[in-house]
Amino acid sequence: MAAIDVRIDKWKKRLLDLGKKNRLINYRETKRSNIKIVAPDLVELYRLLILNESALEFPFPFEDDDNDYDDETESYISLGDLQTNQTIKEQQKTLRNLRNKAKTALEEQGVNILYLSFGFLKWRESPDSDRIISSPIVLAPVSLMLESLTSPFVLRMHEDEIVINPTLKYKMEHEFGVILPEFDAHEDSITTYLDNLNKSVIKNKWEVTFETGLSLLSFLKINMYEDLDKNQDKIKTHPVLLGLSGDRSQIKTLPEEFNHFDHDRKTRAIDTFQIVDADSSQQDAILYAKKGVSFVLQGPPGTGKSQTITNIIAESLAEGKRVLFVSEKMAALEVVHKRLTQAGLSDFCLTLHSHRANKKEVLNDLGNTLALNRFKVHDEAISQLELLEKQRDKLNQYITELHTTIQPLNQTLYRINGKLAKLYETPDVIFSIDNIGETTPEKLNRYIYLLNEFSKTIGKMTEDYALNPWRNCTVPNVSHELRHDIETNLRKLTPAFHILVENYNKIYSNLELNRDLTLATAEEFIEILDISEKSPGIPIHWITTENITPLIQQAEKFLAMKKEYEVYQSELVNIYDKEYFILPAENTKSLLSSSVTSIKPSLNADSFSSENDILKFAKSIINELTSFCGKIEDTSTAAESIFEILKIPYKRSISGLETLHTLLGLILLNPRPTEAWFDPSKYNAIKKLSEEAKNKYNEINDLTTFISSRFDNEIFDIDYSSMLKRFKVEYTSWFKTIKKSYRTDKKQIRALMRDSSLKLDDQTIIAVLNELKELGEKHSWLIENEQILAQLLGSHYLGKMTDWGLFEQSLEQFSNIINCFSGENIPVSVKDFLVQGGTNYQDIKTRHQKLGIIKDSDLILTLQKIFHQHPIIEFWIYKYFLKWLPGNEITSGIERIIYRDNKA
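Fair warning: this is a prediction, and the values are worked out from it, not measured in the lab.

Peer 1: I'm lost on the overall build of the protein in this one. Help?
Peer 2: If you tally the helices and strands in the protein, you get 34 helices and ten strands. Taken across its 904 residues, the protein has 31% of its residues classed as buried. Excluding contacts between residues fewer than 6 apart, the proportion of contacts in the protein whose partners are at least 24 apart in sequence is 67%. Accessible area for the protein stands at about 60000 Å²; split by element, carbon and sulfur atoms hold 54% of it.

Right, here's the structure in full:
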């Protein structure tokens, strides 16, 4: 026998657990691992739980203030729908243990291991054996629900299929020749099945008991055994499985080209489809997977194994390959699936391991994947990849240059930077080196030696070097010629130094300037003597006074006054001629004051409280009034143009122009009315019909959302009318359970439920069918009224895409336009403009903007700011402003008011 055959036999023996330790073979009753249901009996329990899919409650103790209860006290116990062979207290502990373990297996391994067993086979291993073994027969997957700690445990059907105990079936067939027939949970009768089975095994002196028990059962290994048994020939030809069995002849070694593979230079960015970051070792693993090399990826937690698997899957998808990713733990699958989802690849993932991966979800995932649209890579993405390629080339070039040996020092930039990093806290000393590019290692060693010697020399110096007369002197070489020059110059300077010392002593004795004799002090003495020579004679008390602070303050005051005078003089020279300074100031001031006093009563006292304000703002008043007149004239021209185009009548006044501007603004909003809107008899009908249509669409949306939250979208495609009729007429008695159409209808509705764990009874089905019927009636109303809605609402009506908020806003705008005409007929030109959309829209908009000047609050505020309600002013406003005479005439009139008697 080949090594692979021996290894497969060992694998099969490990998987095939047919011993008495397996609860599927030897169903031992324990305190916490299982619980027997004694009421209702097997037939009734099967009907309620399997056929009717009812949720059944276990007995539950009500809590009192002491959190204690007595099993014998019925007043504290809710009997529920089920009765067990344990006390209430023990039952609660057992159910909690079963629920927790089943939940853990479902979340971690994605499989349900909680089963309700219907019927048990009581059998002996041999005819003379006295030990009776009990094995469960029909296994129904169930789940235990617990809403809160104060709620009873609820038993529900799980979504998996009802099966015959596969381990028992295998053992009976291969060891005893007893074949357990197949069982259809919805078609076959549980009583008939168990009775027939009992008749077939009675010859072996075995029997079938009609008992039910709730326990944790797992038969995954028997399925794996059958896989090995059925696919043994395929296993023998698989190189990896042969390698695991010891035969490594077909295991390929790593190609030489993959050793130290340079990913950056040999792999283009546009050919890379990795979706998460990857380092060099992870890149190697991805490369091996792409090239079909088998390997084991291992490492401690947090080293990026899940990232690498994610990238391998993404790369394989890009090459059109299919990937099967399996894991014993759900957490590993969820990490990789989450990363793929974040990268937008969830549509290519089919989850089969999760407890949420039921048949309906799997079919939905397949349907969504088949319905995916094909996407084309945008040019922008290709451009980004090319940019990435260039950036990567730059980084590679940088690394190459960083580690390239440079002559003549025979060093790399990387090593030099490392040495400099060690000297980070060392102070910089700047100096120059000639021909730095030709520095060889020998020269560098020479420089280092000289610097060390210099450092030693500096260290030997004492603190008195600062007073040395030769300090800061740079003498490269002391020659005889230099010695001679120094001696000659010192002989010449000696007499000058004697004279300097003699003059210093005189100054010291006469002026009592107590300073040490240095060259810097001599320069200070020269500056003091120069100032003293140029200074005029000063009062003696300036010197004799001990406190000269008041004198300094007075000097500073006069200095500031002088600067202020010079500033005023400079400003006046820039504005006026020099003759301005010889004017009779007092007479001119008196004349101006008299003129200002005469016009002050006509001006606004709040804005011009003093004569200086009037003089100061005289020119601005004239400018503002002139600007006012020009704006009035522009608005008048715009109003006349609008009248010629749209024939809108208006009053020739400020208020009339404002009203015209408001009306034209409403017209330019263009509410897009139809001809019917202008008919008062149809206007209210339009509002009522549009409101009803809006409500219909809102009700359809709400009802559709409500149904979609509980059912898949395919629910809207079923024949709800016929099905509703069947549920109301045919499915009203208990005989409905034997009707195939009833089971088919109910199964169809259940298959479309989003949460298959919820209870589905006839009332729920009838309710959703009525909702679908109501939805269909609303759609029918909209179809019947679609033509008239399109006729009355015009371009506003877009079916379910209609913006009802915008439509109501347009109705309100149209109503405002009607109100502006105060019951008068709307001009035909305005009506045509609104209905047809005028071609001169931009022209009218431009004139409307010019007309908007009249709304400028500065126009009226300008007059209110300047004038009182004075009769003369009112006269000029009426005569000139409201009649829009030329601006120069207005200005001259205002000037005559402001400047009476031609006096400025």
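Peer 1: Teacher, can you tell me more about a nonpolar patch on the surface here?
Peer 2: A cluster of nonpolar side chains, Val-573, Ile-575, Tyr-576, Tyr-580, Phe-581, Ile-582 and Leu-583, forms an exposed patch at the surface whose accessible area comes to about 710 Å². Examined against the element boundaries, Ile-575 turns out to sit in helix 20 (residues 549-575).

Peer 1: I would appreciate a short explanation of the nonpolar core in the present structure.
Peer 2: Here is a general trend for soluble globular proteins: nonpolar side chains tend to be buried in one another's company. The biggest cluster of nonpolar side chains holds 59 residues, and the ones touching the most others in it are Ile-667, Phe-711, Ile-715, Ile-718, Ile-749, Leu-769 and Leu-793. For Leu-793, the residues in contact, after removing those within four places along its chain, are Thr-674, Ile-686, Ser-690, Trp-804 and Phe-807. Membership of the second largest hydrophobic core comes to 48 residues, among which are Leu-114, Val-138, Ile-190 and Tyr-193.

Peer 1: Is there a simple way to think about unusual backbone geometry in this case?
Peer 2: With the exception of glycine, the majority of residues adopt a negative phi angle, and the majority of peptide bonds are in the trans configuration. Each neighbour pair has its own omega, and for Ala-39 with Pro-40 the value is 0°, a cis peptide bond. Among the structural elements, Pro-40 can be located in the loop between strand 1 (34-39) and helix 2 (42-51). Of note, the amide linkage connecting Gln-407 to Pro-408 takes the cis form, showing an omega dihedral of 5°. Locating Pro-408 in the fold gives a position in the loop between helix 14 (379-402) and helix 15 (413-422). Of note in the backbone geometry, Glu-53 takes a positive phi value of approximately 55° without being a glycine. Considering the arrangement of structural elements, one finds Glu-53 in the loop between helix 2 and strand 2 (56-57). For Asn-435, which is not a glycine, the phi torsion comes out positive at approximately 50°. Looking at the element boundaries, Asn-435 is found in the loop between helix 15 and helix 16 (441-460).

Peer 1: Hey, could you run me through the pattern of salt bridges in this one?
Peer 2: As a working rule, side chains carrying opposite charge can pair if their charged atoms are close by. In total, this model carries 19 salt bridges according to the counting rule given. Between Arg-47 and Glu-44 there is a salt bridge; the shortest N-O distance is 2.5 Å. Of this pair, Arg-47 and Glu-44 both sit in helix 2, separated by three residues, roughly a single helical turn. When its relative accessible area of 28% is taken as the criterion, Glu-44 is described as partly exposed.

Peer 1: Help me out: how do you make sense of the packing of aromatic side chains in this one?
Peer 2: Each pair of aromatic rings is reported with the distance of its centres and the angle of its planes. Taken as a whole, this structure holds 14 aromatic pairs when the rule is applied. Seen in terms of ring centroids, Phe-183 and Tyr-193 are 5.0 Å apart; in terms of plane orientation they differ by 55°. Their pairing is tilted. Separated by ten residues along the polypeptide, Phe-183 in the loop between helix 4 (166-176) and helix 5 (190-201) and Tyr-193 in helix 5 bring together distant segments of the chain. There is no split in this pair, since Phe-183 and Tyr-193 are both buried. A ring pair is formed by Trp-804 and Phe-807, whose centres lie 6.2 Å apart and whose planes are at 90°; its orientation type is edge-to-face. Of the two residues, Trp-804 and Phe-807 both sit in helix 29 (residues 804-820), three residues apart, roughly one turn of that helix. This pair shows no difference in class: Trp-804 is buried, exactly as Phe-807 is. Ring-pair connections join several aromatic residues into one group, and the members of that group are Tyr-46, Phe-118, Phe-183 and Tyr-193.

Peer 1: Honestly, the packing of helix 17 (residues 480-511) against helix 18 (residues 519-534) in this entry has me stumped. Any pointers?
Peer 2: In a packed pair of helices, the relevant descriptors are the angle between the two axes and the axis-to-axis distance. Two numbers describe how helix 17 lies on helix 18: the axes approach to 12 Å, and their chain directions differ by 55°. On the basis of the axis angle, helix 17 is oblique to helix 18. Considering the relative orientation of helix 17 and helix 18, their crossing is left-handed. Contacts from Phe-497, Leu-500, Tyr-504, Ile-507 and Leu-511 in helix 17 reach Leu-519, Ala-522, Phe-525 and Leu-529 in helix 18. Per-class residue counts for the contact of helix 17 with helix 18 are nine nonpolar, no polar and no charged.

Peer 1: Can you walk me through the environment of Asp-843 in this structure?
Peer 2: Position of Asp-843 relative to the elements: it lies in helix 31 (residues 841-851). Along the primary structure Asp-843 and Ile-642 are separated by 201 residues, whereas in three dimensions their C-alpha atoms are 9.5 Å apart.

Peer 1: Before we go on, may I ask you to explain the environment of Arg-131 in this structure?
Peer 2: As for its position among the elements, Arg-131 is in the loop between strand 6 (114-123) and strand 7 (133-145). On the accessibility criterion, Arg-131 (46% relative accessible area) is partly exposed. Discounting chain neighbours no more than four positions away, the residues touching Arg-131 are Lys-20, Asn-26, Trp-123 and Arg-124.

Peer 1: Looking at this model, I keep getting lost on the side chain of Ser-215. Mind explaining?
Peer 2: Counting through the fold element by element, Ser-215 comes out in strand 10 (residues 207-216). Polar side-chain contacts of Ser-215 include one of 3.2 Å to the backbone oxygen of Ser-33. Setting aside residues no more than four positions away along its own chain, Ser-215 makes contact with Arg-23, Tyr-27, Ser-33, Asn-34, Ile-113, Leu-114 and Tyr-115.

Peer 1: Please clarify how the packing of helix 11 (residues 305-318) against helix 12 (residues 330-342) should be interpreted in this entry.
Peer 2: For the pair helix 11 and helix 12, interaxial distance at closest approach is 9 Å and the crossing angle is 50°. In terms of orientation, helix 11 lies oblique with respect to helix 12. Classified by chirality, the crossing of helix 12 by helix 11 is right-handed. Of the residues in helix 12, those touching helix 11 at Ser-306, Gln-307, Ile-309, Thr-310 and Ile-313 are Val-335, Val-336, Arg-339 and Leu-340. Looking at the contact of helix 11 with helix 12 residue by residue, the classes come out as five nonpolar, three polar and one charged.

What counts as what
Residues numbered from 1 in each chain as written. Predicted model: local features only at pLDDT ≥ 70, side-chain atom pairs only at ≥ 80, totals over all residues. Heavy atoms only, no water. Helix = DSSP H or I, 4+ residues; strand = E, 2+ residues; numbered from the N terminus. Buried < 20%, exposed > 50% of the residue type's maximum accessible area, 1.4 Å probe, protein only. Contact = heavy atoms within 4.5 Å. Areas by Shrake-Rupley, 256 points an atom, 1.4 Å probe, with all protein chains shown as cover. Patch = residues over 30% accessible without salt bridge, like charges linked within 9 Å, V, L, I, M, F, W, Y side chains within 5 Å. Salt bridge = Lys/Arg side-chain N within 4 Å of Asp/Glu carboxyl O. Core = buried A, V, L, I, M, F, W, Y, C linked by side-chain atoms within 4.5 Å. Phe/Tyr/Trp six-rings, centres within 6.5 Å; stacked < 30°, edge-to-face > 60°. Axes fitted to C-alpha atoms, helices over the stretch in contact; angles between N-to-C directions. Parallel < 35°, antiparallel > 145°, perpendicular 65-115°, else oblique. Left-handed = near helix turned anticlockwise from the far one by under 90°. Nonpolar A, V, L, I, M, F, W, Y, C, P; charged D, E, K, R; others polar. Polar contact = N/O pair within 3.5 Å; in protein donor to acceptor, adjacent residues only side chain to side chain.

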